[in-house]
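Each chain is listed here by its residues.
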Amino acid sequence: QIKSEMELMQDAFGYEKKEVITEFVDLTGVNANAFWEIYNEYEIARKKLGKEKMDLLYRYTTHKGAVSNTQAENLMKRVIPLRKNYDKLVEKYYKKVKKATNPLIAAQFYQIEHYIDDGINFTILEMVDFIQDK
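Okay, so let's go over this structure. (Residues numbered from 1 in each chain as written. Predicted model: local features only at pLDDT ≥ 70, side-chain atom pairs only at ≥ 80, totals over all residues. Heavy atoms only, no water.)

Okay, the environment of Lys99 next. Locating Lys99 in the fold gives a position in helix 3 (residues 69-100). Look at Lys99 and you get exposed, because its relative accessible area is 77%. When the C-alpha atoms of Lys99 and Phe35 are compared, they prove to be 9.7 Å apart, with 64 residues separating the residues in sequence. (Helix = DSSP H or I, 4+ residues; strand = E, 2+ residues; numbered from the N terminus. Buried < 20%, exposed > 50% of the residue type's maximum accessible area, 1.4 Å probe, protein only.)

Set out below in structure tokens:
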């Protein structure tokens, strides 16, 4: 149930995100089809990481009470690589977009992706409690 709800949210978010990209990235004079092909490929990979992030958030927020040292360590063993993998993914697709279009469009793609991700992260951080000692 929860996974299907997350997939619906991701699909809706992906659609809205594509509208933002369309509005702020001017593809005039470049191969727009190549850009969208790369972007769609990126979104598939990003959604996979997004599911991992949502799963981790769900596990953390449904855990009642304080967190032990072991639980905190296990959490961080998943959080840190997930963050690094997202940064690597955006960098990989920045390079692909730059090669298929130009550096300006690639920079816009990079900037929008980080702007949206940072906004999501900030919203999540405002909603969850700080980790407390058990």
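Here we take up the packing of aromatic side chains. Scanning the model with the defined rule gives 7 aromatic pairs in all. Considering the side-chain rings of Phe35 and Trp36, the 5.0 Å spacing of their centres and the 80° angle between planes classify their relative orientation as edge-to-face. A single burial state applies to Phe35 and to Trp36, both of which are buried. Between Tyr39 and Tyr42, the aromatic rings sit 6.3 Å apart at their centres with planes inclined by 45°, giving tilted as the arrangement. (Phe/Tyr/Trp six-rings, centres within 6.5 Å; stacked < 30°, edge-to-face > 60°.)

Grouped together as the largest cluster of nonpolar side chains are 25 residues, with contacts concentrated most on Ile21, Leu27, Phe35, Tyr39, Tyr42, Val97 and Ile105. Contributions of two or more residues to this core are made by helix 2 (32-62), helix 3 and helix 4 (103-127). Top contributing element to this core by residue count: helix 2, with 8 residues. If we skip the residues at most four places from it in the chain, Val97 touches Phe35, Ile38, Asn102, Ile105, Ala106 and Phe109. (Core = buried A, V, L, I, M, F, W, Y, C linked by side-chain atoms within 4.5 Å. Contact = heavy atoms within 4.5 Å.)

Before going further, it helps to spend a moment on the pattern of salt bridges. Under the defined criterion, the tally for this structure stands at 6 salt bridges. Residues Lys17 and Glu43 are paired through a salt bridge, measuring 2.4 Å at the closest nitrogen-oxygen approach. A residue pair is termed long-range when its members are at least 10 positions apart, and Lys17 in helix 1 (residues 2-24) and Glu43 in helix 2 qualify at 26 residues. Taken as a pair, Lys17 and Glu43 share a single burial class, namely buried. Two residues, Glu43 and Arg46, come together in a salt bridge whose shortest N-O distance is 2.7 Å. In this pair, Glu43 and Arg46 are both assigned in helix 2, 3 residues apart and thus about one turn of the helix distant. Considered together, Glu43 and Arg46 belong to a single accessibility category, that of buried residues. One salt-bridge network, in which partners are shared between bridges, spans Lys17, Glu43, Arg46 and Glu113. (Salt bridge = Lys/Arg side-chain N within 4 Å of Asp/Glu carboxyl O.)

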